[in-house]
Amino acid sequence: MLTTTCATGGLAFVRGRWFFPSSKTLTLSGLCLQLVNGVSWLKVALATPSLPLPAGRQAALESLTFTAARSLPRRRQEARGCEPSVGGTPGHAKYPAIKALMRPDPRLKWTVLGLVLVQLLACRLVRGLAWRWLFFWAYAFGGCVNHSLTLAIHDLSHNAAFGSGRAAHNRWLAVFANLPVGVPYAASFKKYHVDHHRYLGGDGLDVDVPTRLEGWLFCTPARKLLWLALQPFFYSLRPLCVHPKAVTRMEVLNALVQLATDAALFALWGLKPVVYLLASSLLGLGLHPISGHFVAEHYMFLKGHETYSYYGPLNCITFNVGYHVEHHDFPSIPGCNLPLVRKIAPEYYDHLPQHHSWVKVLWDFVFEDSLGPYARVKRVCKLAEDRL
């Protein structure tokens, strides 16, 4: 457990919620977190200097103190069988059974195959549908399938299907899982998701964190609702603005395969199947019940807690992405085994705050003034040597 003290320049965390001043501008140049054990300095940047804030916010306190439980990225030595250097994560010496869970999921490839075939069958069936019904089924059915496939791609970015020894097999299975999504996505996701685990909340490194412009602009219920609906666009474009990287060979191949598939579907069955797939992705990754996990995972609902788990029924169709604290503790454990981590070491997880409904998460995010794109922890991270 790490206890830190933060002095703000006009931002306060009161009773588990962020409050903003009613003044026109907010300056956080002095906002930082100092680790009491002297390990490092962290900076919280939950707002932007010199951008005007909406009126009506509550006055901020001058300083605050909170406990940063599980606020740091998990130590990579845990995945190598070592005890964690900071308390709060079950180590392998105490629970050797956890290391046995770091094995490929033999069912993942068959699940991906089934989901892709289901969407291809749906493409054939929607050819004769009216447009209004096409969009209805894209939201109600296709959105669930395509969102599930994006989370399969997430698991594959951790080599969950074939293991690290056959990383290329995982990359190509991810490209195959990408086909119903309609746009090339898998290779780029892998490239940036590594940084999300290595530099959780890292300013300019973790592209999962909204930009300062997003936080400033989407600050009312109507605007936050729009922001949620446009999540696919923000997740696609944010990396290009925050942390652009060189295009890789795998990304080019991913794009070529995806474009060829879209062209083949259009040539065989016309425009509606292609629109159905694209609508399934945009609607299923936007304002959709399953999309609650985007907000539930790392937004600051309670002070001192940056990562949250959800143990509800939607894990059945999302590859257990709700077990998110467990996932960040042990990213090399596939989603199918994450419930076993909690079962083996319940004393490390059962006491932590957790979400019970992703729909309620979305509701609270929209209507609570203390929540929004600003409600994320940012920290300054030293760039590590790239060995992955």
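Definitions and limits used
- The residue count restarts for each chain, going from 1 along the sequence in the order it is written.
- Where totals are concerned, whole chains, interfaces and linings use all residues; where local detail is concerned, this predicted model gives features only for residues with pLDDT of at least 70, and gives and counts side-chain atom pairs only at 80 or more.
- No hydrogens and no water enter the side-chain calculation; it runs on all heavy atoms of the structure.
- Strands here mean DSSP runs of E at least two residues long; helices mean DSSP runs of H or I at least four residues long; both are numbered from the N terminus.
- Between two residues, a contact is recorded if the distance between any of their heavy atoms is within 4.5 Å.
- For each residue, the accessible area found with a 1.4 Å probe, counting protein chains only, is set against the maximum for its type, and the residue is called buried under 20%, exposed over 50%, and partly exposed in between.
- By salt bridge we mean one thing: a side-chain nitrogen of Lys or Arg within 4 Å of a carboxyl oxygen of Asp or Glu.
- Every axis in this analysis is a line fitted to C-alpha atoms, fitted for helices over the stretch in contact. Angles between the N-to-C directions lie between 0 and 180 degrees.
- Roughly parallel means an angle under 35 degrees; roughly antiparallel means over 145; roughly perpendicular covers 65 to 115; every other angle is labelled oblique.
- Lys, Arg, Asp and Glu make up the charged group, whereas Ala, Val, Leu, Ile, Met, Phe, Trp, Tyr, Cys and Pro make up the nonpolar group; the residues left over, Gly among them, are polar.

Visitor: In this structure, what is going on with the overall build of the protein chain? I would like to understand it.
Guide: Looking only at helices and strands, one finds 14 helices and eight strands in the protein chain. Considering only residue pairs separated by 6 or more positions, the protein chain has 75% of its internal contacts joining residues 24 or more positions apart.

Visitor: Looking at this model, I keep getting lost on unusual backbone geometry. Mind explaining?
Guide: Most peptide bonds take the trans configuration, and most residues that are not glycine carry a negative phi. Although it is not a glycine, N159 adopts a positive phi angle of roughly 60°. Positionally, N159 belongs in the loop between helix 3 (131-157) and helix 4 (167-178). Given a relative accessible area of 14%, N159 falls into the buried group. Positive phi, normally seen in glycine, also occurs at N320, with a value near 60°. Owing to a relative accessible area of 14%, N320 belongs among the buried residues under this scheme.

Visitor: I would appreciate a short explanation of the pattern of salt bridges in the present structure.
Guide: Close approach of charged atoms allows side chains of opposite charge to pair. Under the defined criterion, the tally for this structure stands at 10 salt bridges. D208 is the partner of R376 in a salt bridge, and the nearest nitrogen-oxygen pair spans 3.1 Å. On the criterion of sequence distance, the pair formed by R376 in the segment after helix 14 (358-367) and D208 in the loop between helix 5 (186-198) and helix 6 (212-217) is long-range, its members being 168 residues apart. Here K360 makes a salt bridge to D364, at a shortest N to O gap of 2.7 Å.

Visitor: Honestly, the packing of helix 7 (residues 221-229) against helix 8 (residues 231-242) in this entry has me stumped. Any pointers?
Guide: Axes are the key here: two packed helices are described by the angle between their axes and the distance separating the axes. For the pair helix 7 and helix 8, interaxial distance at closest approach is 5 Å and the crossing angle is 70°. Here helix 8 runs roughly perpendicular to helix 7, going by the angle between their axes. Residues W227, L228 and A229 of helix 7 pack against Q231, P232, F234 and R238 of helix 8. Looking at side-chain class alone, the contact of helix 7 with helix 8 contains five nonpolar, one polar and one charged residues.

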